[in-house]
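# Structural overview
The primary structure of each chain is shown beneath.
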Amino acid sequence: MISLKNITKTFKGFKAVKDLSIDIPRGEIYGLLGSNGAGKSTTINILLGFLKPDKGEAFIDDINVTKSTDIARKKIGYISENVNLYPYLTGIENLNYFCKLAGENYTAEKLSNILNDCGLDSQAINKKVGTYSKGMRQKVGIAIAFAKKAKVLLLDEPASGLDPLASTELSTTLKTLSDKGTTVLMASHDIFRVRETCDRIGILRNGSLIDQMDTANVTTNELEKIYIEYMRN
Amino acid sequence: MMISIILNEWKILVRNRSIVYVSLVFMLSIISVVWMGNLQSKNQSQAQIAAEKHIRAQWDNLEPMNPHRAAHYGVYVFKPISILNSLDDGVSSITGNVLKLEGHVQNEIVHSEASQSIAISRFGKLKPSTIMQYMVPLFLIFLSFGSISNDKETGRLKLIALQGVSLEKLILSKSLSIWLYGLILLIFSILLQFLLGSSSADFGIRIGFILISYGLYYFIVVCLSTYISASFKNNTSAISLLLATWIMWTIFLPKIWGNTVEKVHPLPSRQNFISQMKEDRSKGIDGHNPTDERRSKLKEEYLARYNVDSLSQLPINFDGIVMQADEEYGNQVWDKHFGNNYLIYQKQKRLYQLSGLLNPFSSLQNLSMGFCGSDMIHHLDFLKKAELYRRYLIKTLNDKHAHGGSKTGEWRWTVDNTFFRSVKTFKYQTMKIKDQIENYYIDILSLIVWVLFSGFLIRYKIKRDIII
Amino acid sequence: MSKYLDILKFESFHCINSPYKIISILLYAISILYGCQTGYDLFKKHNIEIKSIKSKNADFEKKMLVQYDELEQGLIEKPRRDPTIPYWAIWNTPSYALKSPSPMIVFSTGQVEQYGYYKKVTNWSTVFDNDLAEEIANPERLALGTLDFSFVLLFLTPILLIILLFNIGGLEKDNGFDKLIYLNDISKKSWLITRFSYYFLVLFTLICFLLIPYAVLSGVFTNELMSFFTLMLLIFLYIFLWVSIFYFINYWGKGSVDQAIKMISVWVALSIIMPGLFHQITSIKFSTNYMVDYLDVARDQRYEIFDMSTDTLQNELLESFPALKSSVYAQDTIINKGIINRSVSGLVNILNKKAAGKIEKESELKNNFVRSTLLLNPIMYFQNKINEVSEADYYAYKLYRENIQNSIDKKIELILRDTWNKEEVDKERYIEYLKEFKIKITGNI
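Criteria and thresholds
- Residues numbered from 1 in each chain as written.
- Chains lettered and ligands numbered in written order.
- Predicted model: local features only at pLDDT ≥ 70, side-chain atom pairs only at ≥ 80, totals over all residues.
- Heavy atoms only, no water.
- Helix = DSSP H or I, 4+ residues; strand = E, 2+ residues; numbered from the N terminus.
- Rg over C-alpha atoms; globule rule 2.2 N^0.38 Å.
- Buried < 20%, exposed > 50% of the residue type's maximum accessible area, 1.4 Å probe, protein only.
- Contact = heavy atoms within 4.5 Å.
- Areas by Shrake-Rupley, 256 points an atom, 1.4 Å probe, with all protein chains shown as cover.
- Polar contact = N/O pair within 3.5 Å; in protein donor to acceptor, adjacent residues only side chain to side chain.
- Pairing = 2+ DSSP bridges.
- Axes fitted to C-alpha atoms, helices over the stretch in contact; angles between N-to-C directions.
- Core = buried A, V, L, I, M, F, W, Y, C linked by side-chain atoms within 4.5 Å.
- Domains from an automatic or database assignment.
- Buried area = accessible area lost by both parts, 1.4 Å probe.
- Salt bridge = Lys/Arg side-chain N within 4 Å of Asp/Glu carboxyl O.
- Nonpolar A, V, L, I, M, F, W, Y, C, P; charged D, E, K, R; others polar.
- Phe/Tyr/Trp six-rings, centres within 6.5 Å; stacked < 30°, edge-to-face > 60°.
- Parallel < 35°, antiparallel > 145°, perpendicular 65-115°, else oblique.
- Expected span 1.5 Å × (residues − 1).
- Arc of directions from axis to C-beta.
- Patch = residues over 30% accessible without salt bridge, like charges linked within 9 Å, V, L, I, M, F, W, Y side chains within 5 Å.
- Lys, Arg positive; Asp, Glu negative; His and termini not counted.
- Charge placed at Lys NZ, Arg CZ, Asp CG, Glu CD.

### As for the overall build of chain B
Of regular secondary structure, chain B possesses 17 helices and two strands. Expected size for 468 residues packed as a compact globule is a radius of gyration near 23 Å; at 30 Å, chain B overshoots this value by more than 25%. Every one of the 468 residues in chain B was classed for burial, and the buried ones make up 60%. The long-range share in chain B, meaning contacts at least 24 apart out of those at least 6 apart in sequence, stands at 81%. Surface exposure of chain B reaches about 18600 Å², of which carbon and sulfur atoms provide 62%.

If you want it as structure tokens, here you go:
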């Protein structure tokens, strides 16, 4: 579903991503672990079609992102570290607006259902987003992706700054989506959250993928040791 | 999609209490400023009409008087307020208001409002034009400087782009939504003005042009602000550049360019101008000097024409003929010298108008006062028409002097006020704007060029990587 | 103390490392020089015109003296306007009233371009004559206003201050480390004041530095030293006013953008809105004066005098000028129409003065109203103060009008005295007239 083939991206002589290749099958949650500047966000931006790779190709559902950006984007949902929606609009209005931008017209009931399905309680959906917590905003972000029927969900440091409860809720929601067939790529440096949420993990250092593993085969402590060892080297 | 964005932007605007309060303040300011503008225009118009009537009554009730003495007695004309003075008074407070029309000389219009008190302001009276030229665009900048950079800083821009909205459409939609806000304030102000103004076609055309000019200017301001908002890393840089541009456009460039224009096409000093006029005038006939050579020549001509030997035998009053010949020569001198000054004014105006290519605010200012009838073109038109009336008046008096039944040298011969009452009153009719539109082509063209340029920037010069 | 010096030192680093602040200061300095040059050009232009008038007068005086010589030697016949008659001799005595520009107009051209500054005075003159019209200028340029130093000071200084100050305290708030500063041994107040002081000092020093060459060039230090110091004091107070306003904005500010918007809004309110509002209110309260009182005198009432019989005029003259009762002509029993006709301007002048007094009084009422609004219109308060020290305000021209009136009065006094005493004017008497009417100059020479 998500495929990166020998991707290289350079910024003013600095190689942010080097010959990166990852394949993520449908319904898998893949965690991309790495320190700041490792190339996680660059990889996500390439998949979003906002950056063009210098070398290699990126595919979403077999569609070349670089060549058919608009078609590929229709299949992608995206959650950033801070989902900043319009503070003067309510949750449901925000969702409605983004749906309309995507050319989707939903009834108010349908929009409410989507928000509820994404974990936002009924009372909150008619409140202004300015009053939401970060976790609630992320739920609206997920709802936007859900309403779009995105096949792929890309998350850039989604758990950063979330309280433990919200963080756990996020993991649950992602797992539910993955069960329904959504493929998730989650970039993070939160070892615990990645271990808890993802099916597979890739460790990125200086733009290169240096290791991949199934989360089923590794405990959090072991993963932390491996990660720190890689980073020290 | 664009409609969705515009509606969403409006929803956000309406829900922002600060913007609602500021809009209310704007509306109230516009209402009070339009009301004040009308009141001031009404007061001034009443004073002008009263002065006009007073002076005319004196003329109508003149004691029996020799026509030439009446030419020296003269009439005063008072510059009426411009057609849309209550909206933009342009040069009105700087130029004089009283002009004496008399025989032998062409006086200057004097007694400007600005000379009658200490300094009160340097940007003119608070008219709707002040609000529409300075305040509204500034507020539009405040509304638009963060329109894209906010989305960028908060990461919303990525989310929007992922929904399949092109950057160009997003920027254009946001620009249009803010422009519509400016347009509503503009229409509100113009509508009030329209309701209080006259119902003539010319008035309607002028109002229409004003609406278009301001509308175009607001479009330029909003598009550029949104473009800059999209082009800078953060709000602070965007607002800094926009405020710097606003200051350059509204405060700095008009003055610098205005001063430069006068240096490029200098006007003569009053002293030189007067002495040159005097010199040229001295080559004509001196109506009051019987020993003047040119007078003798004219005398010979008339004696021959009437086939008589002396002036006393002439069936007409030769003094009136001499006076009119003197006037006609004086008129040529006036045409030459004032014509030259007017030509310089025109050159200065053209050069100033060209600054619109650098500064659309100049074009807007020019168009605003032009369509309100308070710019230099209208002022000069008043002066030209007043001079034409002076020529009519003096010729009527001289003709009466020459052909009214008196004989040469009969300076005590008088006519009564039936004759004086028959002399038409000077009634200034503002020129029709459709006949003068070519004077404003450069300004209109400049605004159009800026509109196209703004559109070009949004369409072709937005950097894709701003989304990241 | 050293802490504050350190803050100042670091502020200079901030300033030097900020290209847009440096560019703004440079542009501001260029504007000051441009403004001073504009004022200096006007100063030179007026002086050239005045010099040319003086030289034309000198030529005319010489011509008249030669005429007297030729008359005395019998070389020429008496012209139509006989120079031996006091009336025509005084008529031919060049008497210009000039308003010489103060060298201080280099710094503020004020209302100079609203008024004429030279006038040929005759016994028929008035202080509102047409020939007292302002210099020929493009009205649109006048309406735009001149970019002189006072404009730069009053309107561009606050803008420069906005550029220099808007992110002081704001940048720290934007990046969320403002509290880090106040945790140290300095209060927010002292920290802001010290940083603001740096720009205050830089700005004031820059202005002083740039004004001095123009002050030397125009002779301010030799003629108008006190005025110059008053100007410097006004500049100091004016910058202080804006720095204080901006200090409060930054003290309560929420970040750079919030501060910039508040600053520019205050600037628009104080520079454009408030002056414009008071201008409009003044215009409503005191509609443009169409000078009808003066026009009545200039035309109707003047003609009424002309229509009076000679003996009525003689009685009026004796009543208005009691000193004439002891003149030679007053002892005559036969009415001399020529003498009376040559004296009529005295009666017209009385009416003119009365009308002028009324107009000046109306203008004074307007000025009093404007002054009462200056507390809420501080920029125009400073503008008028600067115009006052530059002798470029309404009152400088009012004084000039008074001088014109004095010259008219003097002309009439001499005409009446010598006409009624049946004096014959020779070269010596003419020279005396010349001395009496040596060009009256208002202001500095």
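Let's pick the thread back up.
### Describing the environment of Tyr-218 of chain B
Residues and elements named next belong to chain B. If you trace the backbone, Tyr-218 turns up in helix α8 (residues 201-231). Overall, Tyr-218 belongs to the buried group, its relative accessible area being 0%. It is 9.4 Å that separates the C-alpha atoms of Tyr-218 and Met-132, two residues lying 86 residues apart in sequence. If we ignore the near neighbours within four places in the chain, the residues touching Tyr-218 are Met-132, Val-136, Pro-137, Leu-140, Trp-179, Gly-182, Leu-183 and Leu-186. Reaching out from Tyr-218, the side chain makes a polar contact with the backbone oxygen of Met-132 at a distance of 2.7 Å.

### Some thoughts on the sheet that holds strand β4 (residues 55-60) of chain A
All names here are of chain A. A sheet is described by the order of its strands in space; here four strands give the open sequence β2-β1-β4-β5, paired in antiparallel fashion. Across the chains shown, the open sheet's two edge strands, defined by having one partner strand only, are β2 (14-24) and β5 (63-64). Pairing between strand β1 (residues 2-11) and β2: seven bridges, direction antiparallel. For Ile-7, the partnering residue across the bridge sits in β2 and is Leu-20. On top of the sheet, helix α1 (residues 40-48) reaches β1, β2 and β4; it is set at about 115 degrees to β1, its chief contact.

### Focus on the nonpolar core
A general tendency of soluble globular proteins is for nonpolar side chains to be buried together. Ranked by size, the top nonpolar core spans 279 residues in total, and within it Leu-154 of chain A together with Phe-107, Leu-211, Ile-235 and Trp-267 of chain C carry the most contacts. Counting residues domain by domain, this core receives three or more from each of domain 1 (1-32 + 40-75 + 151-211) and domain 2 (84-150) of chain A. Core analysis: the next-biggest nonpolar cluster, separate from the first, contains 38 residues, Ile-109 and Leu-380 of chain B together with Ile-136 and Tyr-303 of chain C among them.

### Regarding the interface of chain B and chain C
Contacts between the two partners involve 94 residues from chain B and, on the opposite side, 86 residues from chain C. For the pair chain B and chain C, the two sides together bury roughly 8100 Å², of which 62% comes from carbon and sulfur. For the chain B face of the interface with chain C, the top three residues by lost area are Ile-118, Ile-120 and Arg-122 of chain B, together amounting to 11%. At the boundary of chain B and chain C, one finds five salt bridges. When the shortest N-O distance is used, the salt bridge between Arg-122 of chain B and Asp-148 of chain C registers 3.1 Å. Run the count over chain B and chain C and you get 40 residue pairs in polar contact (both at pLDDT 80 or more). Residue contributions to the side of chain B that touches chain C peak at 17 residues, all from helix α9 (residues 235-264) of chain B. Residues of the side of chain B that touches chain C, tallied by class, amount to 42 nonpolar, 37 polar and 15 charged.

### Considering the packing of aromatic side chains
Between two aromatic rings, the relevant description is the distance of the centres plus the angle of the planes. Scanning all chains against the criterion turns up 71 aromatic pairs over all chains. Ring centres 4.6 Å apart and planes at 15 degrees place the aromatic pair Trp-334 of chain B and Phe-338 of chain B in the stacked group. Residue Trp-334 of chain B and its partner Phe-338 of chain B are located together in helix α12 (residues 318-354), separated by four residues, close to a single helical turn. There is no split in this pair, since Trp-334 of chain B and Phe-338 of chain B are both buried. Seen from their ring centres, Tyr-117 of chain C and Tyr-118 of chain C are 5.0 Å apart, and the 90 degrees between their planes marks the pair as edge-to-face.

### Considering the packing of α12 of chain B against helix α13 (residues 360-371) of chain B
Residues and elements named next belong to chain B. At a minimum axis separation of 8 Å, α12 and α13 run at an interaxial angle of 135 degrees. As the angle between them shows, α12 and α13 are arranged oblique. On α13, the residues touching Lys-349, Tyr-352 and Gln-353 of α12 are Ser-362, Gln-365 and Asn-366. Looking at side-chain class alone, the contact of α12 with α13 contains one nonpolar, four polar and one charged residues.

### Points about the sheet that holds strand β10 (residues 208-214) of chain A
Residues and elements named next belong to chain A. One open sheet accounts for six strands, arranged β6-β7-β8-β3-β9-β10; its pairing is mixed. Since the sheet does not close on itself, it has two edges, and those belong to β6 (76-79) and β10, each with one partner. Within this sheet the neighbouring strands show an average axis-to-axis angle of 20 degrees, counted without direction. Two strands pair when backbone bridges link them, and strand β9 (residues 200-205) and β10 are joined in this way by six bridges, in the antiparallel orientation. The partner of Gly-202 across the bridge, within β10, is Gln-212.

### Observations regarding the domain arrangement of chain A
All names here are of chain A. Domain annotation for chain A reports domain 1 (1-32 + 40-75 + 151-211) and domain 2 (84-150). Computed over C-alpha atoms only, the centres of domain 1 and domain 2 are separated by 23 Å. At the interface, 17 residues of domain 1 touch 11 residues of domain 2. With both sides pooled, the region where domain 1 packs onto domain 2 buries about 1000 Å², and carbon together with sulfur makes up 59% of that total. Together, Leu-162, Thr-173 and Leu-177 form the three largest contributors to the area buried by domain 1 at its contact with domain 2, with a combined 30%.

### Describing helix α11 (residues 293-306) of chain B
All names here are of chain B. With 14 residues, α11 should reach 20 Å at 1.5 Å per residue; the first-to-last C-alpha distance of 20 Å fits that figure. Those residues of α11 that sit buried are Arg-295, Leu-298, Tyr-302 and Leu-303. Projected down its long axis, α11 shows its buried positions confined to an angular sector of 140 degrees, all on one face. In α11, the exposed positions angled more than 90 degrees off the buried face are occupied by Glu-293, Lys-297 and Ala-304. Asn-307 sits one or two positions beyond α11 and adopts a positive phi of about 55 degrees.

### A look at the interface of chain B and chain A
With 22 residues of chain B at the interface, the matching set in chain A holds 25 residues. Between chain B and chain A, the buried area comes to about 2400 Å², and carbon and sulfur atoms account for 62% of it. Of all residues in chain B, Arg-15, Leu-162 and Gln-163 of chain B bury the most surface against chain A, accounting for 31% of the area lost on that side. Remark: the boundary between chain B and chain A carries one salt bridge. Linking chain B with chain A are nine residue pairs in polar contact (both at pLDDT 80 or more), by the criterion used here.

### Overview of the arrangement of the chains
With two pairs of chains in contact, the largest contact count belongs to chains B and C. No part of chain A reaches chain C; the closest C-alpha pair between them is 17 Å apart.

### Concerning the pairing of strand β2 (residues 98-101) of chain B
Residue and element names in this part refer to chain B. Covered by surrounding structure in β2 are Val-98 and Lys-100 together with Leu-99 and Leu-101, the residues of both alternating faces. Alignment of strand β1 (residues 75-78) against β2, held across four bridges, turns out to be antiparallel. Looking across to β2, one finds that Tyr-76 is bridged to Lys-100.

### Focus on the side chain of Asp-89 of chain B
Residues and elements named next belong to chain B. By the element assignment, Asp-89 lies in the loop between β1 and β2. Residue Asp-89 is classed as buried on the basis of its relative accessible area of 7%. Within polar-contact distance, the side chain of Asp-89 engages the side chain of Lys-125 at 2.9 Å. Setting aside residues up to four positions removed in sequence, Asp-89 forms contacts with Lys-125, Lys-127 and Ser-374.

### Examining unusual backbone geometry
Backbone geometry places Lys-149 of chain A, a non-glycine residue, at a positive phi of 55 degrees. Locating Lys-149 of chain A in the fold gives a position in the loop between α5 (134-147) and β7 (152-156). Residues other than glycine seldom take positive phi values, yet His-104 of chain B does so here, at roughly 75 degrees. Relative to the helices and strands, His-104 of chain B resides in the loop between β2 and α4 (128-144).

### Some words on the side chain of Asn-331 of chain B
If you trace the backbone, Asn-331 of chain B turns up in helix α12. Look past the residues within four positions of Asn-331 of chain B in its chain and what remains in contact with it is Gln-106, Glu-387, Arg-390 and Arg-391 of chain B.

### Regarding a negative patch on the surface
Residue and element names in this part refer to chain C. Together, Glu-72, Glu-424, Asp-426 and Glu-428 make up a region of like negative charge exposed at the surface. Among the secondary structure elements, Glu-428 is positioned in helix α17 (residues 427-436). A relative accessible area of 63% places Glu-428 in the exposed class.

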